[in-house]
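Close look at the chain arrangement
This is what each chain is made of:
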Amino acid sequence: MSRIGRLPIAVPAGVDVTIDGSTVTVKGPKGTLTRTVHANMKVEKDGDSILVSRPDDSKLNKSLHGLTRTLIANMVTGVNESYKKELEVNGVGYRVQMQGSNLVMNIGYSHQVIMASPEGITVECPAPNKIIISGADKQKVGQFAAEVREKRPPEPYKGKGIKYAEEHIRRKEGKTGKGK
């Protein structure tokens, strides 16, 4: 039995879960998320918890069991608390700001890099060198944060670029003088 898959998912107060066949819809104070789970997985509501079970011990069903349970648990957490990623912008003259719903970045190119925030995602710039991305869908938050970081990944010599707040950049030593 899957150690993760067999754990029940606790549904906090204020979160409403509806299961319609293989479609799971979770509504909460931070939004609504819907996901269609694999047809083999059986999702059922038991009071204030959700249980995920599998029909047999085939390799496919074993791998889907823990995954399905984790995806539903992430949905419940997202609509209740919301996920958040913080990014830092390091470099002389590098700065970010919001213009409407667009993220405008000056990151060392000859032009500004403008990114529109996707639906369901909130982007904030509390400081010129800080970006906070938040939303109910863990996958969308992580994907948009990765796309922002991709515009100027941190380089190992001076550490310039966009990095996650908790990320540590391994620094390299620069060139030494002329070899004799």
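Our structure is the block above this text.
Residues numbered from 1 in each chain as written. Predicted model: local features only at pLDDT ≥ 70, side-chain atom pairs only at ≥ 80, totals over all residues. Heavy atoms only, no water.

A look at the layout of surface pockets
Put simply, the rule reads: The distinction between a cavity and a pocket rests on a 1 Å grid over the protein atoms alone: a 1.4 Å probe fits inside a cavity but cannot get out, while a pocket stays open yet meets protein on both sides within 12 Å along at least five of seven lines, and a residue with an atom within 4 Å of a point counts as lining. Grid points are joined across faces, edges and corners, and a volume is the space filled by probe spheres set on the points. The secondary structure listing takes helices from DSSP runs of H or I that are at least 4 residues long and strands from runs of E that are at least 2 residues long, numbered from the N terminus. Amino acids outside the nonpolar list (Ala, Val, Leu, Ile, Met, Phe, Trp, Tyr, Cys, Pro) and the charged list (Asp, Glu, Lys, Arg) are all regarded as polar, and Gly is one of them.
In this model, the largest pocket occupies a volume close to 160 Å³. If you list the elements that add at least two residues to the lining of the largest pocket, you get β4 (31-36) and β12 (130-135). Per-element accounting of the lining of the largest pocket gives the leading share, three residues, to β4. Taken together, the residues of the lining of the largest pocket sort by class into two nonpolar, seven polar and four charged.

Observations concerning the pattern of salt bridges
Cut-off, in case you're wondering: When a carboxyl oxygen of Asp or Glu is within 4 Å of a side-chain nitrogen of Lys or Arg, the pair counts as a salt bridge. The rule is simple: take the accessible area with a 1.4 Å probe, protein chains only, and divide by the maximum for that residue type; under 20% is buried, over 50% is exposed, in between is partly exposed.
Per the stated rule, a full pass over the model turns up six salt bridges. With its nearest N and O atoms 3.6 Å apart, the salt bridge here joins E44 to K42. For E44, a relative accessible area of 33% translates into the label partly exposed. Linking K130 and E86 is a salt bridge whose minimum nitrogen-to-oxygen distance equals 3.8 Å. Of this pair, K130 sits in strand β12 while E86 sits in strand β7 (residues 83-90), and the two are 44 residues apart along the sequence. Classification of K130 by relative accessible area gives partly exposed; the value is 27%.

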